[in-house]
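Each chain is listed here by its residues.
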Amino acid sequence: MTEDRPAARVVCLDGDGRVLLMRWKDTVSGQVVWEPPGGGIDPGETPLEAARRELTEETGLPGDAVTDRWVPVERDFTWLGVHYVKVEPFYLARFTGRPEVTPSALTEEESGAYQGFGWFSPAELATLPDLLEPPHLPDVLERLTAGA
């Protein structure tokens, strides 16, 4: 089954250029995945509004840190037994220092899947022990930060 649920994600960079990734465990497949915070776009919500809301819900970080700078990212993944093939906007957020991440409003599904978070240098993205989603995140990061 393929679904096209609209969603938006946020690539967060700390003061050292490290990327924030959330660690999730698919309760159907058992696969552990690292990915930038984000999620579904609610009806009547713009992708930017969704990115800002999702960032705050999943990390406790201020949504207004999400800039209107984004790149389209092709996605092809399976989550909870559903195969998704779509294009999502990935937005950029920058922070000074390394802000504290405190998930504040995870859904029941997210709470059951949440395994923590980490800040990773671009080089470390290639050495994660679990699946990186999207796998070409270093390229996404490069496109997002080019000239920014």
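For the structure itself, consult the block above.
Below is a short write-up of the structure.

1. Notes on the side chain of Arg75
Stage number 1. Among the secondary structure elements, Arg75 is positioned in strand β6 (residues 66-79).
Stage number 2. Look at Arg75 and you get buried, because its relative accessible area is 2%.
Stage number 3. Here Glu88 takes part through its side chain, which lies 2.6 Å from a polar atom of the side chain of Arg75.
Stage number 4. Residues contacting Arg75, with those up to four places away along its chain left out, are Arg9, Glu35, Tyr84, Val85, Lys86, Glu88, Phe90, Glu133 and Pro134.

2. Thoughts on the packing of aromatic side chains
Stage number 1. As enumerated under the stated definition, the model contains four aromatic pairs in all.
Stage number 2. Ring geometry for Trp70 versus Tyr91: centroids 6.3 Å apart, planes at 40°, classification tilted. One end of the pair, Trp70, is in strand β6; the other, Tyr91, is in strand β7 (residues 82-94), with 21 residues separating them in the sequence.
Stage number 3. Take Trp70: its relative accessible area is 43%, and that puts it in the partly exposed class.
Stage number 4. Ring geometry for Phe77 and Tyr84: centres 5.1 Å apart, planes at 20°, overall stacked.
Stage number 5. Under the relative-accessibility criterion, Phe77 is labelled buried at 15%.

3. Details of the layout of surface pockets
Stage number 1. In this structure, the largest pocket encloses a volume near 570 Å³.
Stage number 2. Taken together, 30 residues line the largest pocket, and the ones lying closest to its centre are Arg5, Arg9, Glu35, Trp79 and Glu109.
Stage number 3. Residue assignment for the lining of the largest pocket shows that the elements contributing at least two residues are β4 (32-35), β5 (38-40), α1 (47-59), β6, β7 and α2 (108-113).
Stage number 4. Here the lining of the largest pocket is composed, by residue class, of nine nonpolar, seven polar and 14 charged.

4. Notes on unusual backbone geometry
Stage number 1. A cis amide bond links Glu133 to the next residue, Pro134, at an omega of -5°.
Stage number 2. Along the chain, Pro134 turns up in the loop between β9 (131-132) and α3 (137-145).
Stage number 3. The phi dihedral of Leu80 is positive, around 55°, even though this residue is not glycine.
Stage number 4. Here Leu80 shows up in the loop between β6 and β7.

5. Side note on α3
Stage number 1. Looking at α3, one finds that the buried residues are Leu137, Val140, Leu141 and Leu144. Buried positions in α3, seen along its axis, are confined to an arc of 100° and lie on one side of it.
Stage number 2. In the core, the buried residues of α3 are packed alongside β2 (7-13), β3 (19-25), β6, β7 and β9.
Stage number 3. Just downstream of α3, Gly147 is the residue with a positive phi angle, here 75°.

Procedures and definitions
- Residues numbered from 1 in each chain as written.
- Predicted model: local features only at pLDDT ≥ 70, side-chain atom pairs only at ≥ 80, totals over all residues.
- Heavy atoms only, no water.
- Helix = DSSP H or I, 4+ residues; strand = E, 2+ residues; numbered from the N terminus.
- Buried < 20%, exposed > 50% of the residue type's maximum accessible area, 1.4 Å probe, protein only.
- Polar contact = N/O pair within 3.5 Å; in protein donor to acceptor, adjacent residues only side chain to side chain.
- Contact = heavy atoms within 4.5 Å.
- Phe/Tyr/Trp six-rings, centres within 6.5 Å; stacked < 30°, edge-to-face > 60°.
- 1 Å grid on protein atoms, 1.4 Å probe; cavity = no way out; pocket = protein on both sides within 12 Å on 5 of 7 lines; lining within 4 Å.
- Points joined across faces, edges and corners; volume = space filled by probe spheres on them.
- Nonpolar A, V, L, I, M, F, W, Y, C, P; charged D, E, K, R; others polar.
- Arc of directions from axis to C-beta.

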